[in-house]
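Observations on the three-dimensional arrangement
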Amino acid sequence: MFVMELTYTAPVEAVEDEIDAHIAWLDGYYASGVFLASGRKVPRDGGVILAGGVSRAEVERIAAEDPFTVAGVCSYRITEFIATKTSADLSTVRENPAV
């Protein structure tokens, strides 16, 4: 699983110019089952996306095609982690690493 942390690199007004395209991009990855949760950081200087079921190379490709990235209004920090414990709602993304 991955934590995709966005940090805005442009004023929020420039981010807002891309918000509709960004939401459509999010919707596509929710529909495919890759994105599990997302939202704005507080204070509003970026956002966070939880993603699963793909490789690191794939999640990096996904981040690169975000309209925010294409427009140059954000950068990504991607952290991989093993979700060994989850809520019941996220049980399908639990991972059992080899010991």
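Residues numbered from 1 in each chain as written. Predicted model: local features only at pLDDT ≥ 70, side-chain atom pairs only at ≥ 80, totals over all residues. Heavy atoms only, no water.

Regarding the pattern of salt bridges
Inspection of the entire model under this criterion finds 8 salt bridges. Measuring nitrogen to oxygen at the nearest pair gives 2.5 Å for the salt bridge that ties arginine 61 to glutamate 58. In this pair, arginine 61 and glutamate 58 both sit in helix α3 (residues 56-65), 3 residues apart, roughly one turn of the helix. With a relative accessible area of 37%, arginine 61 lands in the partly exposed category. Residue class for glutamate 58 comes out partly exposed when judged on its relative accessible area of 28%. Within the structure, one salt-bridge network assembled from shared partners comprises Glu5, Lys41, Asp45 and Arg77. (Salt bridge = Lys/Arg side-chain N within 4 Å of Asp/Glu carboxyl O. Helix = DSSP H or I, 4+ residues; strand = E, 2+ residues; numbered from the N terminus. Buried < 20%, exposed > 50% of the residue type's maximum accessible area, 1.4 Å probe, protein only.)

Looking at α3
Among all positions in α3, only Val59, Ile62 and Ala63 are buried. Viewed end-on, α3 has its buried residues packed into an arc of 100 degrees, placing them on one side of the element. (Arc of directions from axis to C-beta.)

Description of the nonpolar core
Judged by nonpolar contacts, the single largest core of 20 residues is most densely connected at Met4, Trp25, Phe35, Ile49, Ile62 and Phe68. Those residues in contact with tryptophan 25 that lie beyond four places of it in its chain are Phe35, Ile49, Ile62, Ala63, Glu65, Asp66, Pro67 and Tyr76. (Core = buried A, V, L, I, M, F, W, Y, C linked by side-chain atoms within 4.5 Å. Contact = heavy atoms within 4.5 Å.)

Looking at the environment of isoleucine 23
If you trace the backbone, isoleucine 23 turns up in helix α2 (residues 19-31). Classification of isoleucine 23 as partly exposed rests on a relative accessible area of 38%.

Examining the pairing of strand β2 (residues 35-40)
Sheet analysis places β2 next to strand β3 (residues 46-51), joined by 5 bridges and oriented antiparallel. Bridged to alanine 37 within β3 is leucine 50. Between β2 and the antiparallel strand that follows it, β3, lie 5 residues. (Pairing = 2+ DSSP bridges.)

Observations concerning the pairing of β3
Pairing of strand β1 (residues 2-8) with β3, which is carried by 6 bridges, proceeds in the antiparallel orientation. Bridge assignment links methionine 4 to a residue of β3, and that residue is isoleucine 49.

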